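# Overview (structure and organization)
Now for the letters of each chain:
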Amino acid sequence: AAVGTLLERRVGGLLIVPAGRDHAYLKEEVRLGTPVVFIDRPADSIEADEILLDNGGGARQATEHLLAHGHRRIGLVGDPPTIFTIAERLAGYQACLEGAGIPVDGSLIRAGAHDVRHAEVAARELLAMRHPPTALFATNNRACIGALHALRATGDRAALVGFDDFELADLLEVTVVRHDPLELGRRAAELLFARLAGDERPPQRIVLPTELVARGS
């Protein structure tokens, strides 16, 4: 509905951060030549430009960091993998463990925490296991904050790495996988303006890197 309202106002192009997976409603507009750039999550059922993050690579960085510090039981807390970014981060975590010869243990994965409160509950469940994880990987900043609450409440000394930086993370000395949201938006806008100026290359998929920022956690 929001996209339809914009198109009625005859916008020249669209930058879209999609929530759903079905983008067939844009097929006709794309066919008619309206440039569309998807940000953070890819287009589905249409061909369009995409500016994405290296979610899988960032998750591998986080898991490798924990493995390098001797952890072998690494729990995961975050949103469900029905979300593209989370699915990619879960796959990166799993691939890194398997590459290190460590079987993926489904009991250590809590991929259903939509907010800080649910993430805290999920982290507490992991920490209360008979053989709890010695480290946690949080797949976004809300999950990381929830995990911090759980660690503070239980007094557990498990290591923690989060995906996405967040306010006060540096003061709390939380190790994170960081990316630049400004660069994400800038590259998307540049690509859209190029299309408006006549760029007729096939649809582009640009994947921006992430960076592990090692702090105290």
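Predicted model only: the values in this text are computed from it and were never measured. Note that residues are indexed from 1 along each chain, following the sequence as it is written. Local features in this predicted model are restricted to residues of pLDDT 70 or higher, and side-chain atom pairs are both shown and tallied only at a pLDDT of 80 or more, whereas totals for entire chains, interfaces and linings draw on every residue. Remark: hydrogens and water are excluded; side-chain values derive from all non-hydrogen atoms of the structure.

## Details of the environment of C144
Definition in use: In this text, helices come from DSSP runs of H or I with a minimum length of four residues, and strands from runs of E with a minimum of two, each type numbered from the N-terminal end. Two residues qualify as a contact provided that any one of their heavy atoms is within 4.5 Å of a heavy atom in the partner residue.
Checked against the element boundaries, C144 lands in helix 6 (residues 141-154). Counting along the chain gives 25 residues from C144 to A119, while the straight-line C-alpha distance between them is 7.7 Å. Excluding residues that lie within four positions of it along the chain, C144 makes contacts with A138, L160, G162, F166 and V174.

## Here we look at the sheet that holds strand 6 (residues 135-138)
Selection rule: The criterion for strand pairing is that DSSP finds at least two bridges linking the strands in question. A fitted line through C-alpha atoms represents every axis, and for helices the fit uses only the stretch in contact; the resulting angles, taken between N-to-C directions, go from 0 to 180 degrees.
Sheet architecture is open: 6 strands sit in the order 5-4-6-7-8-10, paired in mixed fashion. Edge positions in the sheet fall to strand 5 (109-111) and strand 10 (211-213), since each has one partner strand and no second. Each strand axis lies, on average, 15° off the axis of its neighbour in the sheet, ignoring direction. Summarising the sheet, strand 8 (residues 175-178) and strand 10 pair through 3 bridges and their orientation is antiparallel. Bridging from a neighbouring strand, R178 pairs with E211 of strand 10.

## Here's the deal with the packing of aromatic side chains
For clarity, the threshold we go by: Any Phe, Tyr or Trp ring, taking Trp's six-membered ring, that has another such ring centre within 6.5 Å forms a pair; planes under 30 degrees apart are called stacked, those over 60 apart edge-to-face, and the others tilted. Here, a charge over a ring means that NZ of Lys or CZ of Arg falls within 6 Å of the ring centre while also lying within 35 degrees of the ring normal.
Counted under the stated rule, the structure contains 1 aromatic pair. The aromatic ring of F163 is capped on one face by R89, whose charged end is 3.7 Å from the ring centroid.

## Some points on the sheet that holds strand 3 (residues 49-53)
Read across the open sheet, the 4 strands follow the order 1-2-3-9; overall the sheet is parallel. Each edge of the sheet is formed by a strand with only one pairing partner; in this case those strands are strand 1 (14-16) and strand 9 (205-208). For this sheet, the mean inter-axis angle between neighbouring strands, taken without regard to orientation, is 15°. Examined bridge by bridge, strand 3 and strand 9 share 4 bridges and lie parallel to one another. From the neighbouring strand, I51 faces strand 9, where its bridge partner is I206.

## Focus on the pattern of salt bridges
As a reminder, the rule being used: The term salt bridge refers to a pairing of a side-chain nitrogen on Lys or Arg with a carboxyl oxygen on Asp or Glu at a separation within 4 Å. Type-normalised accessible area, obtained with a 1.4 Å probe on protein chains alone, sets the label of each residue: buried when under 20%, exposed when over 50%, and partly exposed for intermediate values.
If you walk through the whole model with that rule in mind, you get 17 salt bridges. The closest approach of N and O atoms between E125 and R110, which form a salt bridge, is 3.0 Å. With a gap of 15 residues between them, E125 in helix 5 (residues 116-127) and R110 in strand 5 connect regions that are remote in the sequence. With a relative accessible area of 23%, R110 lands in the partly exposed category. In this structure, the salt-bridge partner of E120 is R124, at a minimum N-O distance of 3.2 Å.

## Details of unusual backbone geometry
Its identity is not glycine, yet L168 carries a phi of approximately 75°, on the positive side. The residue L168 is located in the loop between strand 7 (159-163) and strand 8 in this model. Relative accessible area serves as the criterion here: at 47%, L168 is assigned to the partly exposed category. Its identity as a non-glycine residue notwithstanding, E173 has a phi of 60°, on the positive side. Positionally, E173 belongs in the loop between strand 7 and strand 8.

## Remarks on the packing of helix 5 against helix 6
How we decide: Angular relationships are summarised with four words: roughly parallel below 35 degrees, roughly antiparallel beyond 145, roughly perpendicular across 65 to 115, and oblique for the angles in between. In this scheme the handedness of a crossing depends on how the near helix is turned from the far one: anticlockwise by less than a right angle means left-handed, clockwise means right-handed.
Put simply, helix 5 and helix 6 touch, their axes get as near as 7 Å, and they point 50° apart. Taken together, helix 5 and helix 6 sit at an angle that is classed as oblique. Of the two possible hands of crossing, helix 5 and helix 6 adopt the one that is right-handed. Of helix 6, the residues touching helix 5 (which contributes V116, A119, E120, A123, R124 and L127) are R142, A143, I145, G146, A147, H149, A150, L151, A153 and T154.

## Focus on helix 4 (residues 84-99)
Quick note on the threshold: A helix is expected to reach a length of 1.5 Å times the quantity of its residues less one.
Its 16 residues place the ends of helix 4 22 Å apart at the C-alpha level, agreeing with the 22 Å of an ideal helix rising 1.5 Å per residue. In this structure, the buried residues of helix 4 make contact with strand 3, helix 3 (55-68), strand 4 (74-78), strand 5, strand 6 and strand 7. Just downstream of helix 4 lies G101, where phi reads positive at about 80°.

Scope: geometric values only; no functional claims are made or implied.
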